[in-house]
Amino acid sequence: MRNILRKYTSLSFTFSLVFFLAIGIIHCTKQPKRAESNKKTLSFNGREGKRLFIHYCAPCHGEDAEGSGRYFPSYIEPQPPDFINSEYLKETNENVMFRAIKFGSKALGKSNYSPSYDETLRDEEIRYIIEYLKFLKMSKDEES
Ligand code: HEC
């Protein structure tokens, strides 16, 4: 009788051990779903656009494209436009921007302060810069 009892307790012990082990394994293998971030990331071309913008344009246009470049004297009018906190990017279109960058702001009948990059940048590179500026504007708008 004692033997049978002992047999049963060890059997139920083994069962519960297997049961909890199984629960443990299921729990560990079920990976929590990765929180989906809805923050957009900059494309490869956009990153190249950023590099070019920082190198060529930021001295006048500012690193954040807000028109507060370190090397553009504050007493000169007109100042570089604020691409981020204004409606500029929404009101203009890509081809106008493209022309302003490729041939300089004078090609739009404005001042000649924004230089022509016809000899410096390839057409695709100009498009990358525009893509980057649109990304910056979109990120800023989503933030606020
Ligand atoms: C020497 C300073 C300077 C540099 C360098 C410069 N810009 Fe400008 N940019 C200006 C100024 C000033 C204006 C405003 C011109 C005006 O309204 O007459 C301007 C205007 C613009 C405009 C607006 C044109 C419009 O529709 O009114 C665009 C787009 C632009 N720049 C893009 C660029 C890009 C891209 C680069 C770099 C590849 C660049 N600029 C480099 C000073 C500069």
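Rules behind the numbers
Residues numbered from 1 in each chain as written. Predicted model: local features only at pLDDT ≥ 70, side-chain atom pairs only at ≥ 80, totals over all residues. Heavy atoms only, no water. Near = heavy atom within 4 Å. Polar contact = N/O pair within 3.5 Å; in protein donor to acceptor, adjacent residues only side chain to side chain. Helix = DSSP H or I, 4+ residues; strand = E, 2+ residues; numbered from the N terminus. Nonpolar A, V, L, I, M, F, W, Y, C, P; charged D, E, K, R; others polar. Donors = N, O, S within 2.8 Å, 3.2 Å for Na, K, Ca; no water. Buried < 20%, exposed > 50% of the residue type's maximum accessible area, 1.4 Å probe, protein only. Axes fitted to C-alpha atoms, helices over the stretch in contact; angles between N-to-C directions. Parallel < 35°, antiparallel > 145°, perpendicular 65-115°, else oblique. Left-handed = near helix turned anticlockwise from the far one by under 90°. Contact = heavy atoms within 4.5 Å. Expected span 1.5 Å × (residues − 1). Salt bridge = Lys/Arg side-chain N within 4 Å of Asp/Glu carboxyl O.

Undergrad: Quick question: what am I supposed to make of the site of the ligand here?
TA: Surrounding the ligand, one finds 23 residues, the nearest of these being Cys57, Cys60, His61, Tyr88 and Ser114. Separating a nitrogen atom of the ligand from a side-chain N or O atom of His61 is a distance of 2.8 Å. Lys110 places a polar side-chain atom, nitrogen or oxygen, 2.6 Å from an oxygen atom of the ligand. Those elements that provide at least two residues to the shell around the ligand are helix H2 (44-61) and helix H4 (94-103). Per-element accounting of the shell around the ligand gives the leading share, 4 residues, to H2. Split by residue class, the shell around the ligand holds 17 nonpolar, 5 polar and 1 charged.

Undergrad: Just checking my understanding: could you explain the coordination of the iron atom of the ligand for this structure?
TA: Six octahedral donors around a metal ideally subtend angles of 90 or 180 degrees, whereas four tetrahedral donors ideally subtend 109.5 degrees. Listed as protein donors to the iron atom of the ligand are His61 (NE2) and Ser114 (OG); their distances from the metal cover 2.0 to 2.1 Å. Judged by its relative accessible area of 12%, His61 falls in the buried class. A relative accessible area of 26% means that Ser114 is categorised as partly exposed.

Undergrad: Help me understand the packing of H4 against helix H5 (residues 123-143) in this model?
TA: How two helices pack is summed up by the angle between their axes together with the distance between the axes. Direction vectors running N to C along H4 and H5 enclose 125°, while the axes themselves pass 10 Å from each other. Between H4 and H5, the angle is such that the two are oblique. Like other packed secondary-structure pairs, H4 and H5 cross with a definite hand, here right-handed. Taking contact as the criterion, the partners of Glu94, Asn95, Met97, Phe98, Ile101 and Lys102 in H4 are, on H5, Asp123, Ile126, Arg127, Ile130, Leu133 and Lys134.

Undergrad: Quick question: what am I supposed to make of H5 here?
TA: An α-helical segment advances 3.6 residues per turn. Residues three or four places apart therefore align on the same side. End to end, H5 covers 31 Å across 21 residues, agreeing with the expected 30 Å (1.5 Å per residue, within 8%). Along H5, the residues classified as buried are Glu125, Ile126, Ile129, Ile130, Tyr132, Leu133, Phe135, Leu136 and Lys137.

Undergrad: Whenever I open this one, the pattern of salt bridges confuses me. Can you help?
TA: Between side chains of opposite charge, a pair can form when the charged atoms approach closely. One pass over the full model with this rule turns up 11 salt bridges. Across the pair Lys90 and Asp141 runs a salt bridge, and its minimum N-O distance is 3.2 Å. Separated by 51 residues along the polypeptide, Lys90 in helix H3 (residues 88-91) and Asp141 in helix H5 bring together distant segments of the chain. Since its relative accessible area comes to 30%, Asp141 is described here as partly exposed. We note a salt bridge from Glu94 to Lys134, for which the minimum N-O separation is 2.4 Å. Taken together, the residues span a long stretch of sequence, with Glu94 in helix H4 and Lys134 in helix H5 at a distance of 40 residues. Since its relative accessible area comes to 33%, Glu94 is described here as partly exposed. Overlapping salt bridges bring together Glu87, Lys90, Lys137 and Asp141 as one network.

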